[in-house]
Amino acid sequence: MPKLFFDNGSFYMVAQNDVVVLEHIQAVKPYEAGLSIDEIKVKYGLANVIKMASNENPFGLSKKAQEKILQNACNAFRYPQAGNPRLVKAIYSYYHEKYPFLTEKQIFVGNGSDEIIDLLFRIRTEPHKHNAVMFNPCFGLYSTQAKVQNCEIRTTPLKDDFSFDFEGLRKCVDENTRLCFVTTPDNPSGHLANKKELVEFARSLPQSCLLIVDEAYMEFAGDEKDHSLLPELAQFNNVAVMRTFSKVYGLAGLRIGYIFLPEQIADYMWRVRLPFSVNLLAQEAAISALEDEEFKQKTIVHTIKERAIVKEALEKMQCKVYPSSANFLMFEPKGINAKELCQKLLERGIIVRALRSYSLPHCIRVSIGTTEENKEFLSAMHDILPHIKSEIIITVDGPAGVGKSTLAKRLAKYFDIAYLDTGAMYRSLALRVGVEVADMSEEKMQKLFASFSYALKKEENNYVLYCNNEKIGDEIRTEKASRLASIIARLPEARKALQKFQREIAQTTALVAEGRDMGTVVFPHAPIKFFLDARPEVRAKRRYDELTAKGQNENYESILASIIERDNQDRNRTVDPLVPHKDAIIVDTSDLDIDGVFEVLIANVLPHLIS
């Protein structure tokens, strides 16, 4: 067995072969590469494979760069000139006309951006003392190299729409923060930072913290002056802007990255860099690539055009596609697990990137390929994805406290269909008719209720409930609305009117309807009917945990007694809501958590959605 010992402030692991390895290195997980194109061809018996997973240039590299590589191939036995001065000069010349304040001494080139990131940690951070801050999720190498350096990692989550929470990131910074990473456009979402917010964030940082703005995909974002921090570099002495030849220039296999940073830091980068990290052929190809502006612009125009086409097509397939300013799109497929979709695409010879390593198991990233590759990808997606029938209705019934509402909303979001909030319908109607309706005759009630109408409208990816063409808002989330709704619910004419409205809505959109008699009374012919159940003590415990988590002082025994009383009342109703429809899928949730129940529901819905 390996042995652990402590020496000079660090733990060391001694393996059976007596090789000493630092403990923090033992914890670093190796990079897990996917199968190569040749391996996929053999495994699945394919003649052609399309790779759309690594954000590479679909046109390859420019002919000028190719010709330069061939011309210099005979010199591959020679070492390149130390410091790659010709490449540095070429980068300086390319940017100097636009940004005359830049100097050659601010430029550092490395064996891909990977080497640059590694060296930044080596010269800027001291193990066990300094920290680096970044968003979560982000490019994985930031955290990997921090772990290698034994540097503390501090992260803050991106916002729900993957925009940047600069306020949250700033809170992570203290006197021991030496590096801060921001990627724009971001990977894997493609989100572009607001330049004004980024500049303000940079100004807020202490001088001891170096902000690295990783602009690997900036060429695809539009006008550089509107989005890049490079034009603003003169006003900062603690900001660096990193670029790469791997994306728009198509030199990913040759590994060349470069960065503009304060001269003093650049000097130390050159001092500690391995002498010949950028090889001779890579240098010559990069110099030629900078000279081939026509190829660069061709790549940019094609990417922006095809990115819009692919995005629109995916959205028509009911995928949720996130806005992107890069050469890729991140999306959430509907009606199929992301991992399963990646596998099905792989079997067809199309490689896309699953995002489980980014803690986004529900998302996929696809690179923009050639026009033909994009068409083949979209064709495969159309064949694989389940197509939701416009008339589909899913009902979720069951006793109080079983989690119907939470699961119904989650189902609707997963399949990107409407959630029918029946409780909101009762409360909104109750507020409009008032308590006096209970004293009306049946005829007056019928006439009054006939003057109402309900509709669901999709607005910015959300379904919004309307009553008489007025949006239903937070006014129904009051104690008064709840009290009036309990009175309305006891009126047979009110229940009939609302059931009519619910059926009318179902004729216009696919939906998930949750309630106490959706599958038995309102939609008995719904193709998918669920009845969720759980033991009373389980439902009481869930309710107790929910309320106490909100800081409320509750008594479990009282909640259990209330649930048992509610069940007894239900059993005495004309239509017992505790009796499921004969065709309902009964799911006992007593021994499952919310995710477990959801998986069961999804597994039973999918077969009905394949058209």
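Figured I'd write up the structure that's included with this text. It should be emphasised that the depicted structure is a prediction, and the values quoted were computed from it without experimental measurement.

Rules used in this analysis
Residues numbered from 1 in each chain as written. Predicted model: local features only at pLDDT ≥ 70, side-chain atom pairs only at ≥ 80, totals over all residues. Heavy atoms only, no water. Buried < 20%, exposed > 50% of the residue type's maximum accessible area, 1.4 Å probe, protein only. Helix = DSSP H or I, 4+ residues; strand = E, 2+ residues; numbered from the N terminus. Arc of directions from axis to C-beta. Contact = heavy atoms within 4.5 Å. Disulfide = S-S within 2.5 Å. Pairing = 2+ DSSP bridges. Axes fitted to C-alpha atoms, helices over the stretch in contact; angles between N-to-C directions. Polar contact = N/O pair within 3.5 Å; in protein donor to acceptor, adjacent residues only side chain to side chain. Core = buried A, V, L, I, M, F, W, Y, C linked by side-chain atoms within 4.5 Å. Phe/Tyr/Trp six-rings, centres within 6.5 Å; stacked < 30°, edge-to-face > 60°. Lys NZ or Arg CZ within 6 Å of the ring centre and 35° of its normal. Lys, Arg positive; Asp, Glu negative; His and termini not counted. Salt bridge = Lys/Arg side-chain N within 4 Å of Asp/Glu carboxyl O.

**Quick look at helix H18 (residues 479-488)**
In step 1: Within H18, burial applies to Ala481, Leu484, Ala485 and Ile488. Projected down its long axis, H18 carries its buried residues within an arc of 105 degrees, all on one side.
In step 2: Buried residues in H18 make contact with helix H16 (422-433) and helix H19 (492-506).

**A look at the environment of tyrosine 419**
In step 1: Take tyrosine 419: it is sitting in strand S18 (residues 418-421).
In step 2: Taking the C-alpha atoms as reference points, tyrosine 419 and valine 512, 93 residues apart in sequence, are found 5.0 Å from one another.
In step 3: For tyrosine 419, the contacting residues outside a window of four places in its chain are Ser405, Ala408, Lys409, Ala412, Leu456, Val512 and Glu514.

**Quick look at the state of the cysteines**
In step 1: As enumerated under the stated definition, the model contains 0 disulfides in all.
In step 2: Free cysteine: cysteine 151, not disulfide-bonded; nearest cysteine sulfur from cysteine 209 at 11 Å.
In step 3: Cysteine 151 gets classed as buried once you look at its relative accessible area, which sits at 6%.
In step 4: Free cysteine: cysteine 209, not disulfide-bonded; nearest cysteine sulfur from cysteine 180 at 5.1 Å.
In step 5: Overall, cysteine 209 belongs to the buried group, its relative accessible area being 0%.

**Quick word on the sheet that holds strand S12 (residues 320-321)**
Strand pairing within a sheet occurs via backbone hydrogen bonds; the two strands may be parallel or antiparallel.
In step 1: Taking strand neighbours across the sheet as the criterion, the 4 strands line up as S12-S13-S16-S15 in an open arrangement whose pairing is antiparallel. Two strands bound the open sheet, and with one partner strand each, they are S12 and strand S15 (353-354).
In step 2: As paired strands, strand S13 (residues 328-332) and strand S16 (residues 364-367) are joined by 4 bridges and run antiparallel to one another. Looking across to S16, one finds that leucine 329 is bridged to valine 366.
In step 3: Each of S12 and S13 is contacted by helix H12 (residues 293-316), which is oriented at about 10 degrees to S13, the strand it contacts most.

**Overview of the side chain of histidine 581**
In step 1: Here histidine 581 shows up in the loop between helix H22 (556-571) and strand S24 (585-588).
In step 2: Overall, the relative accessible area of 18% leaves histidine 581 in the buried class.
In step 3: Engagement of the side chain of histidine 581 in a polar contact is seen with the backbone nitrogen of aspartate 583, the distance being 2.9 Å.
In step 4: Dropping the residues within four chain positions of it, histidine 581 is found in contact with Gly519, Thr520, Pro524 and Lys529.

**Overview of the nonpolar core**
Nonpolar side chains tend to gather and get buried jointly when the protein is soluble and globular.
In step 1: Counting residues in each nonpolar core, the largest one holds 64 residues, and the members touching the most others are Ile91, Leu211 and Phe245.
In step 2: The leading source of residues in this core is helix H4 (residues 85-96), at 7 residues.
In step 3: Core analysis: the second largest hydrophobic core is formed by 35 residues, Phe452, Tyr454, Leu498 and Ile505 among them.

**Here's the deal with the packing of aromatic side chains**
For any two aromatic rings, the description comes down to two numbers: the centre-to-centre distance and the angle of the planes.
In step 1: By the definition in use, this model includes 23 aromatic pairs.
In step 2: For the ring pair tyrosine 258 and phenylalanine 260, a centre distance of 5.9 Å and an interplane angle of 80 degrees mean the geometry is edge-to-face.
In step 3: The class for tyrosine 258 is buried, based on a relative accessible area of 0%.
In step 4: By the ring-pair criterion, three or more aromatic residues cluster together here, those being Tyr94, Tyr95, Phe245, Tyr249, Tyr258 and Phe260.
In step 5: Positioned over the ring face of phenylalanine 328 is arginine 365, at 5.6 Å from the centre of the ring.

**What about the side chain of aspartate 397?**
In step 1: Mapped onto the fold, aspartate 397 is located in strand S17 (residues 393-397).
In step 2: Despite being buried, aspartate 397 has no salt bridge partner; lysine 404 is the closest side chain of opposite charge, sitting 7.5 Å away.
In step 3: At a separation of 2.7 Å, a polar atom in the side chain of aspartate 397 contacts the main-chain amide nitrogen of glycine 519.
In step 4: The residues touching aspartate 397, leaving out its near neighbours within four places in the chain, are Lys404, Gly515, Arg516, Asp517, Met518, Gly519, Thr520, Phe530, Phe531 and Leu532.

**Quick word on the pairing of strand S10 (residues 239-244)**
In step 1: Among the 6 residues that make up S10, 6 are buried, leaving the element largely enclosed by the rest of the structure.
In step 2: A two-sided burial pattern is seen for S10, the buried positions comprising Val239, Val241 and Arg243 on one face and Ala240, Met242 and Thr244 on the other.
In step 3: Pairing geometry for S10 and strand S11 (residues 257-260), over 4 bridges, is antiparallel. Its bridge partner being in S11, threonine 244 is matched across the sheet by glycine 257.

**Some words on the pattern of salt bridges**
In step 1: What the rule picks out here adds up to 31 salt bridges.
In step 2: In this structure, the salt-bridge partner of glutamate 537 is arginine 535, at a minimum N-O distance of 3.5 Å.
In step 3: Judged by its relative accessible area of 37%, arginine 535 is partly exposed.
In step 4: Two residues, arginine 543 and glutamate 546, come together in a salt bridge whose shortest N-O distance is 3.4 Å. Of the two residues, arginine 543 and glutamate 546 are both situated in helix H21 (residues 536-549); the distance of 3 residues between them amounts to about one turn of the helix.
In step 5: When its relative accessible area of 38% is taken as the criterion, glutamate 546 is described as partly exposed.
In step 6: Each of Lys98, Glu215, Glu219, Glu224 and Arg243 takes part in salt bridges that share partners, so that together they form one network.

**Here's the deal with the sheet that holds strand S5 (residues 107-110)**
In step 1: One open sheet accounts for 7 strands, arranged S5-S11-S10-S9-S8-S6-S7; its pairing is mixed. Among the strands making up the open sheet, the edge pair consists of S5 and strand S7 (152-157). Each strand of the sheet is rotated relative to its neighbour by a mean of 20 degrees, with strand direction disregarded.
In step 2: Strand direction decides the pairing type here: strand S6 (residues 131-136) and strand S8 (residues 177-183), joined by 3 bridges, are parallel. Note on S8: the bridge partner recorded for alanine 132 is leucine 179.

**Some details on the pairing of S13**
In step 1: Burial analysis of S13 places 5 of its 5 residues in the buried class, which makes it a mostly covered element.
In step 2: Residues Phe328, Met330 and Glu332 of S13 are buried on one face, and the alternating residues Leu329 and Phe331, pointing to the opposite face, are buried as well.
In step 3: Two strands pair when backbone bridges link them, and S12 and S13 are joined in this way by 2 bridges, in the antiparallel orientation. For lysine 320, the partnering residue across the bridge sits in S13 and is glutamate 332.
In step 4: Between S12 and S13, which pair antiparallel in sequence order, lie 6 residues.

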